[in-house]
2 protein chains.
Amino acid sequence: MTKIDDVARLAGVSTATVSRALRGLPTVSAATRRRVLAAAEQLDYEVSPSASRLAGGRTGTVAVVVPRITRWFFSTVVEAVEEFLHESGYDLLLYNLGGREQIRQRVLRTANLHKRVDAIMLVATPLRPADLTALASLDLPGVTISSGTRVPNWPCVRIDDVAAARTATRHLLDLGHRRIAHISGDPDDELAFTTHLDRRRGYQEELRAAGMQPDPSLDVESTFTIDGGNQATAELLARGEPPTAIVAACDEMAMGAMTALRDAGLRVPQDVSVVGIDDHDLAGVLGLSTIAQPAAEQGRLAARMLLDPLGAPSLGPIVGQRTPGCDTPVMLPTRLVVRDSTAPPRAH
Amino acid sequence: MTKIDDVARLAGVSTATVSRALRGLPTVSAATRRRVLAAAEQLDYEVSPSASRLAGGRTGTVAVVVPRITRWFFSTVVEAVEEFLHESGYDLLLYNLGGREQIRQRVLRTANLHKRVDAIMLVATPLRPADLTALASLDLPGVTISSGTRVPNWPCVRIDDVAAARTATRHLLDLGHRRIAHISGDPDDELAFTTHLDRRRGYQEELRAAGMQPDPSLDVESTFTIDGGNQATAELLARGEPPTAIVAACDEMAMGAMTALRDAGLRVPQDVSVVGIDDHDLAGVLGLSTIAQPAAEQGRLAARMLLDPLGAPSLGPIVGQRTPGCDTPVMLPTRLVVRDSTAPPRAH
DNA sequence: CTGAAAGCGCTTACAG
DNA sequence: CTGAAAGCGCTTACAG
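Cut-offs used in this document
- Residues numbered from 1 in each chain as written.
- Chains lettered and ligands numbered in written order.
- Predicted model: local features only at pLDDT ≥ 70, side-chain atom pairs only at ≥ 80, totals over all residues.
- Heavy atoms only, no water.
- UniProt positions renumbered as here; feature names shortened; annotations may be inferred.
- Helix = DSSP H or I, 4+ residues; strand = E, 2+ residues; numbered from the N terminus.
- Pairing = 2+ DSSP bridges.
- Axes fitted to C-alpha atoms, helices over the stretch in contact; angles between N-to-C directions.
- Contact = heavy atoms within 4.5 Å.
- Near = heavy atom within 4 Å.
- Polar contact = N/O pair within 3.5 Å; in protein donor to acceptor, adjacent residues only side chain to side chain.
- Nonpolar A, V, L, I, M, F, W, Y, C, P; charged D, E, K, R; others polar.
- Expected span 1.5 Å × (residues − 1).
- Buried < 20%, exposed > 50% of the residue type's maximum accessible area, 1.4 Å probe, protein only.
- Salt bridge = Lys/Arg side-chain N within 4 Å of Asp/Glu carboxyl O.
- Parallel < 35°, antiparallel > 145°, perpendicular 65-115°, else oblique.
- Left-handed = near helix turned anticlockwise from the far one by under 90°.

Caption draft 1: Up close: the UniProt feature "domain: HTH lacI-type" (unreviewed entry) in chain A. Mapped onto this numbering, the UniProt entry gives "domain: HTH lacI-type" (unreviewed entry) at residues 2-56 of chain A. Within residues 2-56 of chain A, the helical portion is 69% and the strand portion 0%, while the C-alpha atoms at the span's ends are 20 Å from each other.

Written out as structure tokens, the structure reads:
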């Protein structure tokens, strides 16, 4: 392995100068820089990350924490984030919580992340008070995506979940539906995962704006998954007269709903309309009407907001600066995408 | 930040002993170990990864390279691998190639990975000869999942793609189909991504075994995606009399095929049967018959084969030992899952 | 079983 | 703009 001394010797300068030249610091003359770069190139030199980190105190690495990488929203966000990070010279350490509480604790509460990364991105990760304390003591810059708990001084990128659910509900109202059900997730989750709460609120607000009272018997809780949508819908149908339309809190639940309806012999949209939120990769294949949210864009933007104050991974010390005014989440727009799963209710 | 000296002082031993005790090395007396652990606990001590790596030469990190994290197979593999790695004390560095050739080069050909990870996992990553040379000079242990290029001395976990496609084709033959089309991917990819080639071979072999000649006009190439399946099927339909059944090289292509058929006014399975390979999360929702492959299990097994020779991340030097007999890929079984997308052809 | 000392390969004040 | 020297926080022979 060639090391910095080899480069220094070949270029006829000190290792300090090699270090500066290679990192593009401005305090190196053009001629010297050229010589150093040539030497490094010739020797095929790559800096040792461990040594650089130990000496410089920066890791050039970002931790990205997601609940489940297999779900559409999270894999889409991670793909966009990965591209941005690597283009910026950062490595991505992936943490997939996967519902395992012990992993959550190990990642968030121990000093595990400390000394390991320069910054943290939390995607839709609900936090307990103890988690917040742990994160605060880590004293690292970070960003959150989607709802979940806000972390003091960390910016947040998300959509307006209330508005998204309102748009979905309004779409059904506009089509003439009055018996509109809602299926959502995480009933016994005491964590502050607010997405489903916000979306329920939007559903209820829009009904009320139309002069209607939300009917609790048409509002079923389950989990934020295909299976959850399936079960919630089955439960809904078991309760008696089916609704003419369903607002699902996410596309995956909507897909489960479509399956349950099919299994019950009901046609979509002739018997029951279904609208989701997300615009999942497969929404088109299924003809699912939905409220599209820009997942990749949220990832890219959050990555940018995270890295901007950090600068290049190996350029001088980290500026402790926090983005000012990051108390207001950045909200990205959503839009209604009408496909084949929604239609006017049948005439009585 | 508390460091190893603080622990040493509190425990009344040398830093060398702290290091040994904390890593569970056997050459520490039980009493000393207890004292050290208590001190570390009391001080909330966490080893500095950078320092440990620099001094010990191990990174406790594995690079996982996937083509596209947003696709079902890859996110499922990564989820399983992530769990295994973290449970074993390793970090996961994610590289999502995303079709960007320059990224492939940066990841595989430069010494980028060197000094950064202890081992590499390549998931369905095709390699050019130059990539193989670069990997060889990295001299790191590794493992490959799925087909793609074999790397000398690296074990490989996969399914038998030829057999999977044969089973899919036989299923259609058993139902009475004779006009069976095949859609697959990567037509102008000179890389050695062999999955689609193997699956085509299986399709053809099974037809021949049934005494039939594969009809080139029923074999369309596109890309390994939903969109690719859609386009390939549209192309197939444009060629004239539709087939009575389609073998898609993966579920995502099958989903695209279902969309194209629907758009063309053809019903599945009444007019055309469709069978895929994968057992994608959404195959059930779509009623897609398919050949299920164990994605998570391939990930777990590959992670285990990768880590076994490495031992715990901070336990002594890496043993250069390569699993013997790793020249034969480990093949995991697949199985036919019949749903609603396949049925006997209509009587003429 | 334990410790003193060297060394891992860089970066960073500091001085010039 | 550049260099000599200290130091980042561990692990590892080596010696006992």
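The rest of the description comes next.
Caption draft 2: Fine view of the sheet that holds strand S9 (residues 273-278) of chain B. All names here are of chain B. Reading across from one edge, S7-S6-S8-S9-S10-S12 is the order of the 6 strands in this open sheet, with mixed pairing throughout. A strand with exactly one partner marks an edge of an open sheet, and here the two such strands are strand S7 (219-222) and strand S12 (335-337). Within this sheet the neighbouring strands show an average axis-to-axis angle of 20°, counted without direction. Running over the sheet, helix H10 (residues 226-238) touches strand S6 (180-185), S7 and strand S8 (245-248) and is turned about 145° from S7.

Caption draft 3: Inspection of the protein's contact with DNA strand C at higher detail. Close to DNA strand C lie 25 residues, the nearest being Lys3(A), Ser19(A), Thr17(B), Arg20(B) and Thr32(B). Considering DNA strand C, the proportion of its atoms within 4 Å of the protein that are sugar or phosphate atoms stands at 73%. Ser29(B) is positioned such that a nitrogen or oxygen atom in its backbone is 2.9 Å from a phosphate oxygen of DNA strand C. Of all the elements in the fold, those that place two or more residues in the surface near DNA strand C are helix H2 (15-22) and helix H4 (49-56) of chain A together with helix H2 (15-22) and helix H4 (49-56) of chain B. Taken together, the residues that form the surface near DNA strand C break down as 12 nonpolar, 9 polar and 4 charged.

Caption draft 4: Up close: the side chain of Thr233(A). On the secondary structure map, Thr233(A) appears in helix H10 (residues 226-238). Beyond its immediate sequence surroundings of up to four residues, Thr233(A) is in contact with Ile183(A), Ile246(A), Ala257(A), Ala260(A) and Leu261(A).

Caption draft 5: Fine view of helix H9 (residues 195-209) of chain A. Residues and elements named next belong to chain A. Taking 1.5 Å of rise per residue, 15 residues should cover 21 Å, and H9 covers 21 Å from first to last C-alpha, within 8% of that figure. Taken residue by residue, H9 has Thr195, His196, Asp198, Arg199, Arg200, Gly202, Tyr203, Glu206 and Leu207 as its buried positions. Buried residues in H9 make contact with strand S5 (156-159), helix H8 (161-175), strand S6 (180-185), strand S7 (219-222), strand S8 (245-248) and strand S9 (273-278). Directly after H9, the chain includes Gly211, whose backbone phi takes a positive value near 80°.

Caption draft 6: Region of interest: the pattern of salt bridges. Residues and elements named next belong to chain A. A full pass over the atoms with the stated rule returns 38 salt bridges over all chains. Across the salt bridge formed by Arg158 and Asp198, the nearest N and O atoms sit 3.2 Å from each other. Here the residue Arg158 occupies a position in strand S5, and Asp198 occupies one in helix H9, the gap between them amounting to 40 residues. Assigned by exposure class, Arg158 and Asp198 land together as buried. Within the structure, one salt-bridge network assembled from shared partners comprises Arg166, Arg170, Arg201, Glu205 and Glu206.

Caption draft 7: Focus on the packing of helix H5 (residues 72-87) of chain B against helix H13 (residues 295-307) of chain B. Residue and element names in this part refer to chain B. Contact geometry for H5 and H13: axes closest at 7 Å, N-to-C directions at 40°. As far as their axial angle goes, H13 and H5 are oblique. For H5 against H13, the interelement crossing comes out right-handed. Residues Trp72, Phe73, Thr76, Val77, Ala80, Val81, Phe84 and Leu85 of H5 lie in contact with H13, whose contacting residues are Ala295, Ala296, Gln298, Gly299, Arg300, Ala303, Arg304 and Leu307. Looking at the contact of H5 with H13 residue by residue, the classes come out as 11 nonpolar, 3 polar and 2 charged.

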